[in-house]
Amino acid sequence: MSERIFSGVQPTGNLHLGNYLGAIRNWVKLQNDYDCLFCVVDLHAITVWQDPAMLRTSTREVAAAMIAAGVDPEKHIIFNQSQVPGHAELAWIFNCVARMGWLGRMTQFKEKAGKDKENASVGLFAYPNLMAADILLYKGTHVPVGEDQKQHLELARDIAQKFNNDYGVDLFPVPEPLILGTATRVMSLKDGSKKMSKSDPSDLSRINMTDDADTIQRKIKKAKTDPDHLPESVQGLDGRPEARNLLGIYAALADVSIESAVNEFAGQQFSALKDRLSDVAVANLAPMQDAYRRLLNDKGQIDAYLAHGAERARAIAGPVLREVQDVVGFLHVGKS
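Residues numbered from 1 in each chain as written. Predicted model: local features only at pLDDT ≥ 70, side-chain atom pairs only at ≥ 80, totals over all residues. Heavy atoms only, no water.

Draft legend 1. Region of the structure containing the state of the cysteines. Inspection of every chain in the model, using the stated rule, returns zero disulfides. Cys39 forms no disulfide, and the closest cysteine sulfur to it belongs to Cys36, at a distance of 13 Å. Here Cys39 falls in the buried class, since its relative accessible area comes to 0%. (Disulfide = S-S within 2.5 Å. Buried < 20%, exposed > 50% of the residue type's maximum accessible area, 1.4 Å probe, protein only.)

Draft legend 2. Structural detail: the packing of helix H7 (residues 122-136) against helix H8 (residues 150-167). H8 packs onto H7 with a crossing angle of 70° between their chain directions and a minimal axis gap of 9 Å. Our classification of the angle between H7 and H8 gives roughly perpendicular. Between H7 and H8 lies a crossing of right-handed hand. In contact with Tyr127, Pro128, Asn129, Met131, Ala132, Ile135 and Leu136 of H7, H8 contributes His152, Leu153, Leu155, Ala156, Ile159 and Ala160. Looking at the contact of H7 with H8 residue by residue, the class counts come to eleven nonpolar, two polar and no charged. (Axes fitted to C-alpha atoms, helices over the stretch in contact; angles between N-to-C directions. Helix = DSSP H or I, 4+ residues; strand = E, 2+ residues; numbered from the N terminus. Parallel < 35°, antiparallel > 145°, perpendicular 65-115°, else oblique. Left-handed = near helix turned anticlockwise from the far one by under 90°. Contact = heavy atoms within 4.5 Å. Nonpolar A, V, L, I, M, F, W, Y, C, P; charged D, E, K, R; others polar.)

Draft legend 3. Layout of the nonpolar core. Among the nonpolar cores identified, the biggest contains 59 residues, and Leu17, Tyr20 and Met66 are the most heavily contacted of them. Among the elements that take part in this core, helix H12 (residues 270-296) stands out by supplying eleven residues, more than any other. Among all residues touching Tyr20, those that are not within four sequence positions of it are Arg25, Ala69, Met209, Leu285 and Met288. (Core = buried A, V, L, I, M, F, W, Y, C linked by side-chain atoms within 4.5 Å.)

Draft legend 4. Looking closely at the environment of Ala68. Along the chain, Ala68 falls in helix H3 (residues 52-69). Classification of Ala68 as buried rests on a relative accessible area of 14%. In this structure the C-alpha to C-alpha distance between Ala68 and Leu246, which are 178 residues apart in sequence, comes to 24 Å. Each residue touching Ala68, except ones within four places of it in the same chain, is listed here: Met288, Ala291, Tyr292 and Leu295.

Draft legend 5. Just helix H13 (residues 299-328), in detail. The end-to-end C-alpha separation of H13 is 41 Å, in line with the 44 Å expected for 30 residues at 1.5 Å each. At Ala317, H13 shows its strongest bend, of approximately 30°, with the proline Pro319 following within four residues. Listed as buried for H13 are Ile302, Leu306, Gly309, Ala310, Ala313, Ala317, Val320, Leu321, Val324 and Gln325. (Expected span 1.5 Å × (residues − 1). Bend = angle between axes of the 7 residues up to and from the residue.)

Draft legend 6. Up close: a positive patch on the surface. A surface patch of like charges, here positive, comprises Lys190, Arg218, Lys221 and Lys222. Following the sequence through the fold, Lys190 ends up in the loop between strand E5 (176-179) and helix H9 (213-221). When its relative accessible area of 33% is taken as the criterion, Lys190 is described as partly exposed. (Patch = residues over 30% accessible without salt bridge, like charges linked within 9 Å, V, L, I, M, F, W, Y side chains within 5 Å. Areas by Shrake-Rupley, 256 points an atom, 1.4 Å probe, with all protein chains shown as cover. Salt bridge = Lys/Arg side-chain N within 4 Å of Asp/Glu carboxyl O. Lys, Arg positive; Asp, Glu negative; His and termini not counted. Charge placed at Lys NZ, Arg CZ, Asp CG, Glu CD.)

From the geometry alone we can't say anything about function, so treat these as descriptive.
Structure below.
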């Protein structure tokens, strides 16, 4: 079996630098070595209520961002999840394979549901099963994961193994994590201890993919720092979240190691780092932002890419789902 990657991103809208450096940029690199499916996971999005018009807009925005960043929609598959019904059908089958105790241990549900978990949707509780279906519907062999997704991939592995064992088959591969050493955890520009997020009320906390050069420079200039000079070693970043964040962003955009970034600015003031980071950020993001804006102005082209991707995804998913149905024992009357 060829190595196949499935990776998805939620249509959150208002994409920011954290989305790009944390996921999308790495997808561009992965497409050179793997057979890839990149999915806008709109079924996952509705585990909490979404404005329907905004959901459609955000789905197009995420697809446009992938393509603008360099993901090739002809060589690989870009689609939105809801256009392939097999995701939902396989997720139901996995609902009947996974155990309540497994899902009850998912830390992200506890975090997202908070103290009022009785009012959380069933979808929010069971969505790790849908994540497993996303991967296994295409017999995905590898999944790019960050720290916050490792537990969900473990569940997908457990489901694949239990299904195979329950039915005495070797149908699903047990997907392997693809730990990306280049993945960057981007934190808020206003608080280095919190992830960069679109939900932060301060727009100064993030660099949006639609920000122009002047806005990027202004936000970096206003980014929170501490009173000390920049450290002379990576160990000196301990306990200094803002220094770690700005140097980490610079290292990622300049495509150098964190050690090299620390050495470059050792003993200097934050202003030197901010000036250089602004230049590098604008140089890296401007071409992508131009392509992103052009795509958003041509919704028909985005929709055509998504429709073509969904057709290709269904062609892969259909035979796998039929194989699962036969193993489970579903009766296909009048069908070959």
